[in-house]
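# Summary of the model geometry
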Amino acid sequence: MKKEILKRLLATPGAEHTVSEFDTHFTGDLTKQEAGALLAEDIEKLSALQGKLYAQDRYSVLVIFQAMDAAGKDGTIKHVMSGINPQGCQVYSFKQPSAEELDHDYLWRINRCLPERGRIGIFNRSQYEDVLIAKVHPEIILSNKLPGVTSLEDVTPKFWKKRYRQINDYERYLTENGTIVIKFFLNVSKDEQKRRFLARLEDEAKNWKFSTSDLKERSYWDDYMKAYSDMLTHTSTEDAPWYVIPADNKWFMRYAVGRILCERMGELDLHYPEMPVEARHKIDDFKKALLDE
C-alpha cells in the first residue's frame, strides 16, 4: 500500500476526529483483482514474520478489531490470518462480561488473554467495549460495582475522560514491555450494514448470524458514531494508534488490514536466533555423528 494511503487510514494521534471524516467506500487507486493479489503476497509475508516472531520470543503482537455489527471482523480475521501457524496465534471474542469478570476491574479479562511473547493475539472486540457499548448504554457501568458510581448521574464526562486515560496508560505499559498494539476500526456505513443484514435474512445458511439485538443496536447508530468518534479522538496515541479501515468493500478492507500488519511487524527487529558460537564451530561434528549412525 502506498504510504499516502496508509496515512489516510490513520487516526492521527492527538487530533480530534469524527467517524464521518473517514470514507467507508475508499479503495485508493486499487482494483479488486490487484488488492487480492497483493493480499496473497502479504499473507505469505505475515507467515514469514510470524515465524521470526515466534522463534525470537521477544515481542508479542496484539491485534484489536472494533466495529459495528456486520462490518466484517470475522471474515477479515479468517482471510488475513489464513497463512498464520495456529500454534503462534490465539483469537479471543469478548462478549457480555460474566459474573466473575464483573467482580474484577474491566481490564482484568483483557489481561488474562494477552498473547505470550512470540505470539500474535487477536481480539474480536476488546477493552474498548467499555467506552463504546457502555457509553451508549451507561446503565452497564452500574453493573461494574465501582466505588462512587451508584447512579447514572455519576457517569459524567469526567468519568469517561478517566477511562480513556486508563486505557492509554495500559496500552503504553504493554508497548513498553514488548507487546505491540495494532488497532483496527472497521468502518462500515449504515446503508451497507442494512444490505448485509438483509442478506443474512434472505440466506438460510446465514440466518444464524442475525440477532434481534442487531436491530436494537442499529437504532442507536448516531450514538455509536459519537462514541467511536470520541474513542478515536482520545485513544489514538503514538504508542497505539487507530487505523480506520473502509469496510464497505470487503476486498479492500482485508487488503488494508494485511498491509498494515506487514508494515507494523516489519518495523520490529525480528530475526531468527543465532546458534551459539561454540555450537556453530561443531556443526561439522554434528553432521558427521548423524551420518555415521
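Along each chain, the written sequence defines residue order, and numbers are assigned to residues from 1. It should be noted that, the model being predicted, local features are given only for residues of pLDDT at least 70 and side-chain atom pairs only at 80 or more, the latter also being counted only at that level, while totals for whole chains, interfaces and linings use all residues. Excluding hydrogens and water, the side-chain figures rest on all heavy atoms present in the structure.

Turning to the sheet that holds strand 1 (residues 10-11), a few remarks are in order. One open sheet holds the 6 strands; their spatial order is 1-6-5-2-4-3, and the pairing between them is mixed. The open sheet terminates on both sides in strands that have one partner only, identified here as strand 1 and strand 3 (89-93). Bridge analysis of strand 3 against strand 4 (residues 120-124) gives 5 bridges, and the strand direction is parallel. Note that in strand 4 the partner of Gln-90 across the bridge is Gly-121. Relative to strand 5 (residues 179-187), helix 12 (residues 250-266) is tilted by about 165 degrees, and along the sheet it contacts strand 2 (60-67), strand 4, strand 5 and strand 6 (242-246). Think of it this way: DSSP has to see at least two bridges between two strands before they count as a pair. Elements are defined by DSSP. Helices are runs of H or I of four residues or more, strands are runs of E of two residues or more, and each kind is numbered from the N terminus. Contacts are residue-level and defined by heavy atoms, with any inter-residue pair within 4.5 Å sufficient. Convention adopted: a line fitted to C-alpha atoms gives each axis, helices being fitted over their contacting stretch, and angles between N-to-C directions are expressed from 0 to 180 degrees.

Residue count minus one, scaled by 1.5 Å, sets the expected span of a helix. In a regular helix each residue adds 1.5 Å, so 13 residues correspond to 18 Å; helix 9 (residues 190-202) covers 18 Å between its end C-alpha atoms and thus fits that length. With a 1.4 Å probe rolled over the protein chains alone, any residue whose accessible area is under 20% of its type maximum counts as buried; one over 50% counts as exposed, and the rest are partly exposed. Every buried residue belonging to helix 9 is among Glu-192, Gln-193, Arg-196, Phe-197 and Arg-200, and all of these are buried. Looking straight down helix 9, one finds that the buried residues subtend no more than 140 degrees of arc, so they occupy a single side. Opposite the buried face of helix 9, at more than 90 degrees from it, the exposed residues are Asp-191 and Glu-202. Turning to helix 9, the residues buried within the fold contact helix 10 (212-218), helix 11 (221-235) and helix 12. This arc is built from the directions going out from the helix axis to the C-beta atoms.

A few words on the pairing of strand 6. Among the 5 residues of strand 6, 5 are classified as buried, and the element is accordingly described as predominantly covered. The two faces of strand 6 match: Trp-242, Val-244 and Pro-246 on one face and Tyr-243 and Ile-245 on the other face are all buried. Note: strand 1 against strand 6, 2 bridges, orientation antiparallel. When the sheet's bridge partners are listed, Ala-11 is paired in strand 6 with Trp-242. As paired elements, strand 5 and strand 6 share 5 bridges and run parallel to each other. In the strand pairing of strand 6, Leu-186 is matched with Ile-245.

Let's shift gears to the environment of Lys-135. Of note, Lys-135 is situated in helix 6 (residues 133-136). Remark: the alpha-carbon pair of Lys-135 and Ala-227, spanning 92 residues in sequence, is separated by 6.7 Å. Residues in contact with Lys-135, not counting those within four places in the same chain, are Trp-160, Tyr-164, Ala-227 and Asp-230. Within the structure, the side chain of Lys-135 is placed 2.8 Å from the side chain of Tyr-164, a separation counted as a polar contact. In protein, a polar contact means a hydrogen-donor-capable atom and an acceptor-capable atom, both N or O and within 3.5 Å, with residues adjacent in sequence counting only if both atoms are side-chain atoms; elsewhere, any N or O pair within 3.5 Å suffices.

What follows is about the packing of aromatic side chains. Any two rings among Phe, Tyr and Trp, with Trp reduced to its six-membered ring, count as a pair given centres within 6.5 Å; such a pair is stacked if its planes are under 30 degrees apart, edge-to-face if over 60, and tilted if neither. All told, the structure shown has 11 aromatic pairs when counted by the stated rule. Taking 5.5 Å as the distance between ring centres and 25 degrees as the angle between the ring planes, the aromatic pair formed by Phe-65 and Phe-184 counts as stacked. A residue pair is termed long-range when its members are at least 10 positions apart, and Phe-65 in strand 2 and Phe-184 in strand 5 qualify at 119 residues. A relative accessible area of 1% means that Phe-65 is categorised as buried. Here Phe-184 falls in the buried class, since its relative accessible area comes to 0%.

Below, the discussion takes up the UniProt feature "domain: Polyphosphate kinase-2-related" (unreviewed entry) in the protein chain. UniProt positions are given in the numbering used here, feature names are shortened, and annotations may be inferred rather than shown by experiment. Per the UniProt record, "domain: Polyphosphate kinase-2-related" (unreviewed entry) is found at residues 32-265. For residues 32-265, the end-to-end C-alpha separation is 25 Å, with 52% helix and 14% strand making up the annotated structure.

Any Lys or Arg side-chain nitrogen located within 4 Å of an Asp or Glu carboxyl oxygen qualifies as a salt bridge. Taken as a whole and judged by the stated rule, the model has 17 salt bridges. In this structure, Asp-69 and Arg-125 form a salt bridge, with 2.9 Å as the shortest nitrogen-oxygen distance. Here Arg-125 lies in the loop between strand 4 and helix 6 and Asp-69 lies in the loop between strand 2 and helix 3 (73-80), a separation of 56 residues in the sequence. Its relative accessible area of 17% is what places Arg-125 among the buried residues. The residue Glu-101 makes a salt bridge to Arg-109 at a minimum N-O spacing of 3.5 Å. When sorted by exposure, Glu-101 lands in the same class as Arg-109, which is buried. One continuous salt-bridge network, built from bridges that share partners, spans Asp-42, Lys-45, Arg-259 and Glu-263.

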